[in-house]
Amino acid sequence: MSAVREAGPQVYAIAWAEDERTDSDQFYRFKTYSEPDSVRPLVFFAWLISHAGRLTLFDTGASRAVAGQRGINYMGSVADGVRELGIDPAVVDTVVISHLHYDHSGGIPDFPGARIAIHPKEVEFWTGPNLARAQFNSIVELDDIVFLIRAIRDGRVDFVTEGSAITPDITVRHLPGHSVGQIGLQVGGVDGLLLAADAAHYYDEVFSNRPFTVFSDLPVMYDSYDRIRTLIGGARDRLVPGHDSQVFDVFGTGDALWRPGRTPRVFRVR
Ligand SMILES: [Zn+2]
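All figures in this text were calculated on a predicted structure; none of them were measured in a lab.

Visitor: Would you take a moment to explain the coordination of the zinc ion for this structure?
Guide: Metal coordination angles have textbook ideals: 109.5 degrees for a tetrahedral set of four donors and 90 or 180 degrees for an octahedral set of six. In this structure, Asp-103 (OD), His-104 (NE2), Asp-198 (OD) and His-243 (NE2) serve as the protein donors to the zinc ion, at separations of 2.0 to 2.2 Å. For the zinc ion, the donor residues sit on a single chain with the sequence spacing D-H-x93-D-x44-H. One end of the pair, His-104, is in helix H5 (residues 102-105); the other, His-243, is in the loop between strand E12 (239-241) and helix H11 (246-250), and 139 residues separate them in sequence. A relative accessible area of 2% means that His-243 is categorised as buried.

Visitor: Looking at this model, I keep getting lost on the pairing of strand E10 (residues 183-187). Mind explaining?
Guide: Sheet faces and side chains relate simply in a regular strand, where the side chains alternate between the two faces. Taking burial as the measure, the five residues of E10 include five buried ones, the bulk of the element. Burial along E10 is two-sided: the face carrying Ile-183, Leu-185 and Val-187 and the face carrying Gly-184 and Gln-186 are both buried. Here strand E9 (residues 170-174) pairs with E10 via five bridges, running antiparallel. Bridge pairing in E10 places Thr-171 opposite Gln-186. Of the pairings in the sheet, the one linking E10 to strand E11 (residues 193-197) comprises three bridges and is antiparallel in character. Following the sheet pairing, Val-187 is matched in E11 by Leu-193. Linking two consecutive strands that pair antiparallel, namely E10 and E11, is a turn of five residues; a positive phi of about 90 degrees is found at Gly-188 within it.

Visitor: What exactly am I supposed to notice about the packing of aromatic side chains here?
Guide: Considering all chains together, one arrives at 16 aromatic pairs under this definition. Ring centres of Trp-126 and Phe-136 lie 6.4 Å apart, and the angle between their planes is 80 degrees; on these two criteria the pair is classed as edge-to-face. Placement of the pair is Trp-126 in helix H6 (residues 120-126) and Phe-136 in helix H7 (residues 134-137), with a sequence separation of 10 residues. Here the two residues Trp-126 and Phe-136 agree in accessibility, since each one is buried. A centroid spacing of 5.4 Å and a plane angle of 55 degrees characterise the contact between Phe-248 and Phe-267, whose relative ring orientation is tilted. Of the two residues, Phe-248 is situated in helix H11 and Phe-267 in strand E13 (residues 265-268); the sequence distance between them amounts to 19 residues. By the burial criterion, Phe-248 is buried, and Phe-267 matches it. Ring-pair connections join several aromatic residues into one group, and the members of that group are Phe-45, Trp-47, Phe-58, Phe-248 and Phe-267. Geometry around Tyr-102 places Arg-70 over its ring, the cationic atom sitting 4.0 Å from the centre.

Visitor: What's the story with the sheet that holds E9 in this structure? I'm lost.
Guide: Within a sheet, neighbouring strands are paired by backbone hydrogen bonds and run either parallel or antiparallel to one another. Spatially, E8-E9-E10-E11-E12 is the arrangement adopted by the five strands of the open sheet, whose pairing is mixed. The strands lining the two open edges of the sheet, one partner per strand, are strand E8 (165-167) and E12. Mean inter-strand twist for the sheet, computed between neighbouring axes without regard to direction, equals 25 degrees. By the bridge criterion, two bridges tie E8 to E9 in an arrangement that is antiparallel. What sits directly across from Ala-165, in E9, is Thr-171.

Visitor: For this particular structure, what's the right way to read the UniProt feature "domain: Metallo-beta-lactamase" (unreviewed entry) in the chain?
Guide: UniProt records the feature "domain: Metallo-beta-lactamase" (unreviewed entry) at residues 43-243, using the numbering of this structure. With 30% helix and 23% strand, the stretch residues 43-243 has end C-alpha atoms that lie 5 Å from each other.

Visitor: Would you take a moment to explain unusual backbone geometry for this structure?
Guide: Most peptide bonds adopt trans geometry, and most residues besides glycine take a negative phi value. Within the chain, Ala-52 stands out as a residue other than glycine whose phi angle is a positive 55 degrees. The residue Ala-52 is located in the loop between strand E2 (39-51) and strand E3 (54-58) in this model. Notably, Asn-209 is not glycine yet its phi reads approximately 55 degrees, a positive angle. Along the chain, Asn-209 falls in the loop between helix H9 (203-207) and helix H10 (218-231).

Calculation criteria
- Residues numbered from 1 in each chain as written.
- Predicted model: local features only at pLDDT ≥ 70, side-chain atom pairs only at ≥ 80, totals over all residues.
- Heavy atoms only, no water.
- Donors = N, O, S within 2.8 Å, 3.2 Å for Na, K, Ca; no water.
- Helix = DSSP H or I, 4+ residues; strand = E, 2+ residues; numbered from the N terminus.
- Buried < 20%, exposed > 50% of the residue type's maximum accessible area, 1.4 Å probe, protein only.
- Pairing = 2+ DSSP bridges.
- Phe/Tyr/Trp six-rings, centres within 6.5 Å; stacked < 30°, edge-to-face > 60°.
- Lys NZ or Arg CZ within 6 Å of the ring centre and 35° of its normal.
- Axes fitted to C-alpha atoms, helices over the stretch in contact; angles between N-to-C directions.
- UniProt positions renumbered as here; feature names shortened; annotations may be inferred.

Written as structure tokens, this is what we have:
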């Protein structure tokens, strides 16, 4: 690894839960493709970026209680994963929230020293009429939204949009469709890595144009898949999807350290 690369952002993935699903669970109208159904693991990730003397956490997972209610196999909190890196969660500078679904926004209280960054459209969406609709409100926790609203009132939240810089080498990309204010982070400039979060749960969404089963706007989500391919120059190893077990293979970690039900699995992707 070159000194130049070492001087750039260091990016760690934190796998904090997993579940077993099938292709027909995960892809919208999977029968369209006339293929046999297969097992499709769902891994829940967050990411920690160390760059320019600052610690940026991208997404915060869910609490053990919420994971239990929703029946996913919990390995530990994202804060536990941060501690595995030898970092006190209280010293994280910025928590960026990709979108407000329960598996991304539940751990914000574990990072009391951080400013919080989110796209304004995400807050607008979850504080408007769609919060009364079952297909939307079933995928958020009201406590997470209330916590965020209090943080806005307390002046702790920064609203970020397409092109906003978290640090000089971490750029916000607005990739809507799964959720209205869905963002990813481009790390390390135009040749860098795209942390897509749920703009792409799986590589197959981007490389096979297969929409995920949950969305706020289907054509807009397809457009974001197109944009992601452009942002990564078509290179699979520049894309880190939000829930794909293939991340372990693409970034060369293998499965040797996989310990479901024990501790979050933490590994470096850049
Ligand atoms: Zn998710």
